[in-house]
Amino acid sequence: MSNNFDKHLRRHYSDQSLAPEVMQRLLEMQSIQANVSSNRFDAIVNSFKELFIGPQGVTVFALVLVLLFAPLLVLNNAGVSQQNLLSNIATEVALNHHKQLPSDFVTESYFELTTAMDKLDFSINKPLHEKLTGYQLTGARYCSLQGQIAGQLKLRHDSGELHTLYVTRLSEKFKGLNESEQEIDGLKVSSWQADGLFLSLAR
Amino acid sequence: MTEPEVQPVKELLQSGFRYALSLTRHQHQAEDILQDAWLAVLKANGSHTRPYLYAAIRTRFLNANKREQLVPFVSMDEAPEYQIQNQTPDLDDYVDHVLLDKSLGKLRSIEREALFLMVVEGYSAREVAEFTGQPRGTVLSLVHRAKSKLKDMLSQATVENQHEQ
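Remember, predicted model here, so these are calculated numbers, not experimental data.

Parameters at a glance
Residues numbered from 1 in each chain as written. Chains lettered and ligands numbered in written order. Predicted model: local features only at pLDDT ≥ 70, side-chain atom pairs only at ≥ 80, totals over all residues. Heavy atoms only, no water. Helix = DSSP H or I, 4+ residues; strand = E, 2+ residues; numbered from the N terminus. Buried < 20%, exposed > 50% of the residue type's maximum accessible area, 1.4 Å probe, protein only. Contact = heavy atoms within 4.5 Å. Areas by Shrake-Rupley, 256 points an atom, 1.4 Å probe, with all protein chains shown as cover. Arc of directions from axis to C-beta. Axes fitted to C-alpha atoms, helices over the stretch in contact; angles between N-to-C directions. Parallel < 35°, antiparallel > 145°, perpendicular 65-115°, else oblique. Left-handed = near helix turned anticlockwise from the far one by under 90°. Nonpolar A, V, L, I, M, F, W, Y, C, P; charged D, E, K, R; others polar.

J.: Could you give me a rundown of the overall build of chain A, with the residues and numbers involved?
T.: The helix and strand inventory of chain A stands at five helices and six strands. The order of α-helices and β-strands along chain A, N terminus first, is α-α-α-α-β-β-β-α-β-β-β. In chain A, buried positions account for 41% of the 203 residues. The contacts in chain A between residues at least 6 apart in sequence include a share of 57% that link residues at least 24 apart. When the accessible surface of chain A is split by element, carbon and sulfur atoms take 56% of a total near 11200 Å².

J.: Before we move on, can you summarise helix α5 (residues 97–106) of chain B with the specific residues and values?
T.: All names here are of chain B. When α5 is considered as a whole, its buried residues turn out to be H97, L99, L100, S103 and L104. Projected onto a plane normal to the axis of α5, the buried residues spread over an arc of 150° and lie on a single side. Exposed side of α5, more than 90 degrees from the buried face: V98, K102 and K106 are the residues found there.

J.: Help me get a handle on the packing of helix α1 (residues 9–24) of chain B against helix α3 (residues 50–64) of chain B, residues and values and all.
T.: Residue and element names in this part refer to chain B. In contact at an axis separation of 10 Å, α1 and α3 are set at 30° when each is read in the N-to-C sense. Judged on the interaxial angle alone, α3 and α1 are roughly parallel. Judged by the sense of rotation from one axis to the other, the crossing of α1 with α3 is right-handed. Seen from α1, the contacting residues are L12, S15, G16, Y19, A20, L23 and T24; seen from α3, they are R50, L53, Y54, I57, R58 and F61. Counted by class, the contact of α1 with α3 contains eight nonpolar, three polar and two charged residues.

J.: An account of the packing of helix α2 (residues 27–43) of chain B against α3(B) is requested, with residue identities and associated values reported.
T.: All names here are of chain B. At a minimum axis distance of 9 Å, the contact between α2 and α3 shows a crossing angle of 125°. On the basis of the axis angle, α2 is oblique to α3. Classified by chirality, the crossing of α3 by α2 is right-handed. Contacts between α2 and α3 involve I33, L34, D36, A37, W38, A40 and V41 from the former and Y52, L53, A56, I57, R60 and F61 from the latter. For the contact of α2 with α3, the class distribution of residues is eleven nonpolar, no polar and two charged.

Here you go:
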């Protein structure tokens, strides 16, 4: 091996570092996720407490109830995982919104955007939704949502504020999600489905 | 790729960023992929190790670049393994880092990845082969090919620079 060249190559890569603000954000993600996991654990523990702690005389009755209501618990669990997914999406959208990365495609035309963003496996037509009235497209870039390729559209609201819209294909992962509105770090994140797409607006 | 010790998180993230950069050659894309992979590792309560994070990064890069899958192309006239190990081109004289960066950008992502994992990260060809799911000979060939291309590109650029002067 050409040791000297290898040294230069190593130095070339070691010169490349994550920007401090990106590093900070990634470290924050770790603590946010730790809190989410801890809350989930608490919720599970509390559920079990509610089920099993009570007067001794009714323990057997409680067990019978558990058996009777097991199907309901399963359904409820599906609801919880849906809620978790929505909350994960909102967290990811909020993180991407705060990054304020520059647009790779600067245009006010949805038609131009669809042609330019040819890596997307769906077309970005002008989304028609009451939440999107009073917005003007200013540009877009590729991003990902829950590991799936997505478009991040930058929109200027009539009020002058810059908001971001995330659009991705409505895959199986997103299909069961209901329309939702969540607040993350002072940011409102609305998510909904339309025309075979899953959309999240951060404002 | 075996690595029993848990890396300090900052160091791990820096390594992940460099690996993502070796795949994408684009700073923002590398940050995006790293963020996505890091979130997945945290949610899965996965181990904070390079192999785990790198696997998450690789999957996301492949998903995002389906048209440029990391499918190795090995031509019929590739050098045999003994030749690859003994005749790696001598690149000691070519150290211009701006040119090196440009030249790296002209390599295929699969070549940059093999070069990064073996030369920069110090993994063995067998470990890289296991990680990327390719034969060991292909990994060695990719590194050899990448170095040969770099040599050609850098020497050509050096000659052009001399002519300009």
